[in-house]
Amino acid sequence: MMTEVRVPTLGESVTEATVATWFKKPGDAVAQDEMLCELETDKVTVEVPAPAAGTLSEIVANEGDTVGVDALLAQISAGGEAAAPAPAAKAAPAAAPASGGASMDIMVPTLGESVTEATVSTWFKKVGEAFAADEMLCELETDKVSVEVPAPAAGVMTELLAQEGDTVEAGGKLAIMSTDASAAPSAAPAAAAAPAAASAGKDVEDAPSAKKLMAENNLSGVAGTGKDGRVMKEDVLKAMAAPAPAAATPRAPVAADQAAREERVKMTRLRQTIARRLKDSQNTAAMLTTYNEVDMTEVMALRNEYKDLFLKKHGVKLGFMSFFTKACVHALKEVPEVNAEIDGTDVVYKNYVNMGIAAGTPTGLVVPVLNDTDQMSFAEIEKAIAEKGAKARDGKLSMAEMQGGTFTISNGGVYGSLMSSPILNPPQSGILGMHKIQDRPMAINGEVVIRPMMYLALSYDHRIVDGKGAVTFLVRVKEALEDPRRLLMDL
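Presented here is an overview of the structure given in this document. (Residues numbered from 1 in each chain as written. Predicted model: local features only at pLDDT ≥ 70, side-chain atom pairs only at ≥ 80, totals over all residues. Heavy atoms only, no water.)

With respect to the overall build of the protein
Of the regular secondary structure elements, the protein holds twelve helices and 27 strands. Classification of the 491 residues of the protein by burial places 38% in the buried group. Expressed as a percentage of contacts within the protein between residues at least 6 apart in sequence, the contacts between residues at least 24 apart total 63%. Carbon and sulfur atoms provide 54% of the accessible area of the protein, an area that totals close to 26300 Å². (Helix = DSSP H or I, 4+ residues; strand = E, 2+ residues; numbered from the N terminus. Buried < 20%, exposed > 50% of the residue type's maximum accessible area, 1.4 Å probe, protein only. Contact = heavy atoms within 4.5 Å. Areas by Shrake-Rupley, 256 points an atom, 1.4 Å probe, with all protein chains shown as cover.)

Describing the sheet that holds strand β6 (residues 54-59)
Pairing is antiparallel across the open sheet formed by four strands, whose spatial order is β1-β8-β6-β3. Two strands bound the open sheet, and with one partner strand each, they are β1 (2-6) and β3 (29-30). Sheet topology places β1 next to strand β8 (residues 72-77); five bridges connect them, and they run antiparallel. Across the sheet, residue V5 finds its bridge partner in β8, namely A74. (Pairing = 2+ DSSP bridges.)

What about the environment of M240?
Following the sequence through the fold, M240 ends up in helix α5 (residues 233-241). In this structure M240 comes out as partly exposed when scored by relative accessible area, which is 38%. When the C-alpha positions of M240 and M214 are compared, they lie 9.3 Å apart, and in sequence the two are 26 residues distant. Among all residues touching M240, those that are not within four sequence positions of it are L213, N217 and L219.

Overview of the pairing of β6
When β3 meets β6, the two strands line up antiparallel, connected through two bridges. Counted as the bridge partner of V30 is G54 from β6.

Some points on the pairing of strand β16 (residues 173-178)
Counting buried positions along β16 gives five out of six residues, so the element sits mostly inside the fold. Of the strand pairs in this sheet, strand β9 (residues 103-107) and β16 are connected by five bridges, and their pairing is antiparallel. The partner of D105 across the bridge, within β16, is I176.

Remarks on the sheet that holds strand β11 (residues 130-131)
As summarised here, the arrangement of the four strands in space is β9-β16-β14-β11, forming an open sheet in which the pairing is antiparallel. Both edges of this open sheet fall to β9 and β11, since each of them pairs with a single strand only.

Brief notes about the packing of aromatic side chains
Within this structure, the stated rule accounts for two aromatic pairs. Taking the ring centre of F320 as reference, the NZ or CZ of R303 above it sits at 4.8 Å. (Phe/Tyr/Trp six-rings, centres within 6.5 Å; stacked < 30°, edge-to-face > 60°. Lys NZ or Arg CZ within 6 Å of the ring centre and 35° of its normal.)

What about the packing of helix α9 (residues 321-334) against helix α10 (residues 378-394)?
Interaxial distance between α9 and α10 falls to 9 Å at its minimum, and their mutual angle equals 115°. With respect to the hand of their crossing, α9 and α10 are arranged in right-handed fashion. Contacts between α9 and α10 pair M321, S322, F323, T325 and K326 from the former with F378, I381, E382 and I385 from the latter. When its residues are assigned to classes, the contact of α9 with α10 shows five nonpolar, two polar and two charged. (Axes fitted to C-alpha atoms, helices over the stretch in contact; angles between N-to-C directions. Left-handed = near helix turned anticlockwise from the far one by under 90°. Nonpolar A, V, L, I, M, F, W, Y, C, P; charged D, E, K, R; others polar.)

Remarks on the packing of α9 against helix α11 (residues 467-482)
Packed helix pairs are specified by the crossing angle of their axes together with the interaxial distance, meaning the distance between the axes. At a minimum axis separation of 8 Å, α9 and α11 run at an interaxial angle of 135°. Comparing the axis directions of α9 and α11 gives the class oblique. α11 is crossed by α9, and the crossing has right-handed handedness. Here F323, F324, A327, C328, H330, A331, L332 and E334 of α9 lie close against α11, whose contacting residues are T472, F473, R476, V477, A480 and L481. (Parallel < 35°, antiparallel > 145°, perpendicular 65-115°, else oblique.)

Thoughts on the pattern of salt bridges
Counted under the stated rule, the structure contains 17 salt bridges. A salt bridge links E4 to R6, with the nearest nitrogen and oxygen atoms 2.9 Å apart. When the shortest N-O distance is used, the salt bridge between D295 and R451 registers 2.7 Å. In this pair, D295 is assigned in strand β17 (residues 287-295) and R451 in strand β27 (residues 447-461), connecting sequence segments 156 residues apart. Judged by relative accessible area, R451 falls into the partly exposed class, the value being 26%. Several salt bridges share partner residues, and in doing so they unite E334, R476, E479 and R486 into one network. (Salt bridge = Lys/Arg side-chain N within 4 Å of Asp/Glu carboxyl O.)

Observations regarding the nonpolar core
Grouped together as the largest cluster of nonpolar side chains are 43 residues, with contacts concentrated most on F324, F407, I409 and F473. Those elements that place two or more of their residues in this core are α8 (297-314), α9, β20 (355-357), α10, β24 (407-411), β25 (430-434), β27 and α11. For this core, the element with the highest residue contribution is α9, accounting for eight residues. (Core = buried A, V, L, I, M, F, W, Y, C linked by side-chain atoms within 4.5 Å.)

See below:
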């Protein structure tokens with residue numbers, strides 16, 4: 001008995017399509033509802049499932065052919081006729097048993113809220129290598145954090161579907177493994193040929209109409225949304241319709257002997273996101289910075305007096321960040337617009353303080369968030385800062401730990417910065433820049449004395465924070481640090 005595979009309904013006002021790709025060839029066995037081919041219309045891509053199980057006996061419409069609605073695409077033989085291609089199927093076991101028992105897909109894990117794709121940073125295992133359950137197989141890099149992918153079970157790597165540098169989507173396939181350790185010797189040669197086959201067949205994989213359109217418009221490097229990254233016609237149309245990127249500042253001419261000594265490295269996804277967000281902040285907010293200075297004498301004296309007792313009782317060192325966090329919380333209560341954000345034509349005031357603490361890491365700047373710092377003690381703040389700082393350095397911060405901040409503190413003083421203007425962390429309306437503590441001569445009660453001084457910088461969104469509010473905020477922070485007893489009495 002023969003089953004016909006026909007072109008399905010393509011949608012309103014769509015009468016024809018182009019056969020983009022066949023996933024099966026004559027003689028291949030197919031299961032019911034398994035995808036046989038992909039059709040491309042001028043609006044969407046349509047996958048054609050097998051109407052019944054059997055063997056694909058004939059392909060009527062080849063890749064690149066234009067077909068109408070209900071046109072015959074192929075024939076499937078079922079029942080007794082399915083046994084005809086059996087010899088081809090029998091030849092397969094010679095290679096198939098190399099994968100041993102069960103074959104298992106290694107998938108891209110959930111990457112976090114609003115994160116849909118990542119870049120394969122490093123593979124820790126090669127094809128043919130064995131590994132234990134939960135052993136780290138590879139590391140993915142998103143625009144915010146690095147994600148390690150553990151082995152779902154013990155086994156052997158049989159095929160890498162995504163190479164280092166490839167972009168993968170959440171839920172996509174990264175690799176294929178076998179749960180049988182005997183697969184190790186035979187898996188390597190098969191996989192070794194895979195990259196060559198993939199690279200050799202890349203042009204074939206793109207939809208014919210997409211290749212034609214790219215050739216006509218002299219386009220290249222179009223990202224594909226079809227199966228296995230295949231470039232479809234609509235991908236090319238979108239690329240043609242997309243606005244041209246703003247012209248970057250051209251590089252100055254470089255002499256040939258100097259060019260040979262340069263090194264070009266692609267920006268990481270994290271660095272690209274940092275660059276984009278900082279530029280967006282400048283383009284969106286009416287950013288302004290106001291400055292003040294604070295005498296750190298009292299804070300340093302209080303810290304020196306109690307640091308040993310504090311460490312003994314709470315198990316964490318008493319640093320300056322807890323004082324600054326507390327001082328900012330104190331000031332935000334009086335100037336709530338610095339703790340607010342703009343949403344369209346509304347101003348959203350936060351009746352809580354989620355403090356972002358900017359931290360430099362080997363891969364770039366990240367801002368872990370301490371939730372509800374207005375309800376935390378000095379010890380709780382110091383413990384949270386130490387924990388988040390360690391995670392940031394190790395690239396272990398989760399998405400949730402870097403979201404929801406309402407105000408940010410950036411301490412450039414640890415690197416020796418004397419004064420700078422921090423850039424807002426959108427959608428926040430304020431960020432405080434701390435700087436180096438430096439002994440300077442100060443006039444105190446008519447006398448010149450040496451005091452440990454620090455410059456403070458508050459960058460704020462002038463759309464909702466007026467100059468008076470910004471200055472008041474900095475003055476309150478200064479007062480709280482120069483007389484820490486104010487924090488205890490809420491003055």
